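Single-letter residue listing:
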Amino acid sequence: MSENEKSVDLSALNYSKLPLQYGTVSCYITLNDNRYTVETVELRNTPALGRYINYVELSADDHERWLAGQLERDDALNFVLVAQGRFAGTLSLYNIQHGKSCEFGRMMMPDDGRRIYALAAEMLGMSFAFEILGIQTLYCVVVDGNDAVLNFHLRNGWSIDSRYERFEQVNGSDAHLIGLSVDRSMWSECFVKMRPLAKRLFA
């Protein structure tokens, strides 16, 4: 495989998905490609994140191969959050059933001052799902015991929803994944709830 084939560069027009930008100049999400490989791999390989995800040490080539496959799918969008011109984390919308539902996940933030932008990431992901994709129900799962993330979603208007509850192996152990959801009818209320703090993040 040539170097160009391995490199996931949306601006080279090798993929039908383009490097869109959604948000404001100071804080936005954009589709993940080789501009963010180093930062994404470094974040994904942070051992502290491995408690709640299946932790596998990734190489840049591993990530680019996975991302290339994702970009060929019509049911997955993998974003990078950019805040004040810096990489600030990742988030994804996947299992997309256009106009119906999709799953929100893979939200990871560096464990430094950039975690303040978690609310911006959630708000942008929800807005893209409801306003751009026309999703009716957005759902996610949180590993039981990850109280910080569970409470974060609940504060932002999500509700526990047993329809999306599941049990999986996480790092070789059985894990209970708590399901949550937000319906399109609740999006305006969620937006109003998040807006006061989010306005500072987007300034």
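Just above, that's the structure.
The rules we used
- Residues numbered from 1 in each chain as written.
- Predicted model: local features only at pLDDT ≥ 70, side-chain atom pairs only at ≥ 80, totals over all residues.
- Heavy atoms only, no water.
- Buried < 20%, exposed > 50% of the residue type's maximum accessible area, 1.4 Å probe, protein only.
- Helix = DSSP H or I, 4+ residues; strand = E, 2+ residues; numbered from the N terminus.
- Arc of directions from axis to C-beta.
- Contact = heavy atoms within 4.5 Å.
- Disulfide = S-S within 2.5 Å.
- Expected span 1.5 Å × (residues − 1).
- Polar contact = N/O pair within 3.5 Å; in protein donor to acceptor, adjacent residues only side chain to side chain.
- Axes fitted to C-alpha atoms, helices over the stretch in contact; angles between N-to-C directions.
- Parallel < 35°, antiparallel > 145°, perpendicular 65-115°, else oblique.
- Nonpolar A, V, L, I, M, F, W, Y, C, P; charged D, E, K, R; others polar.

A. Expanded view of helix α2 (residues 37–44). Residues of α2 that are buried: Thr37, Thr40, Val41, Leu43 and Arg44. The buried side chains of α2 occupy one side of the element, clustering within an arc of 160° when seen end-on. The outward face of α2, more than 90 degrees from its buried face, is lined by the exposed residues Val38 and Glu42. Next to the buried residues of α2 lie α3 (60–71), β3 (76–83), β4 (86–97) and β5 (101–108).

B. Molecular detail of the state of the cysteines. Inspection of the entire model under this criterion finds zero disulfides. Not part of a disulfide, Cys27 finds its nearest cysteine sulfur in Cys190, a span of 18 Å. For Cys27, a relative accessible area of 0% gives the class buried. Its sulfur unpaired, Cys140 is 11 Å from the next cysteine sulfur, which belongs to Cys102.

C. Seen up close, α3. Counted at 1.5 Å a residue, the expected span for α3 with its 12 residues is 16 Å, and the 16 Å between its end C-alpha atoms agrees. Listed as buried for α3 are His63, Glu64, Leu67, Ala68, Gln70 and Leu71. The buried residues of α3 occupy an angular sector of 160° when the element is viewed end-on, so they sit on one face.

D. Local environment of the environment of Lys17. Among the structural elements, Lys17 can be located in the loop between α1 (3–6) and β1 (21–23). Distance from Lys17 to Arg73, taken between C-alpha atoms, is 9.8 Å for residues 56 residues apart in sequence. Separated by 2.6 Å, the side chain of Lys17 and the backbone oxygen of Arg73 make a polar contact.

E. Up close: the packing of α2 against α3. Where α2 meets α3, the closest approach of the two axes is 10 Å, and the angle between their N-to-C directions is 105°. One element, α2, and the other, α3, form an angle in the roughly perpendicular class. Each of Thr37, Thr40 and Val41 in α2 lies in contact with α3, whose residues at this interface are Ala60, His63 and Glu64. Residue composition of the contact of α2 with α3, grouped by class: two nonpolar, three polar and one charged.

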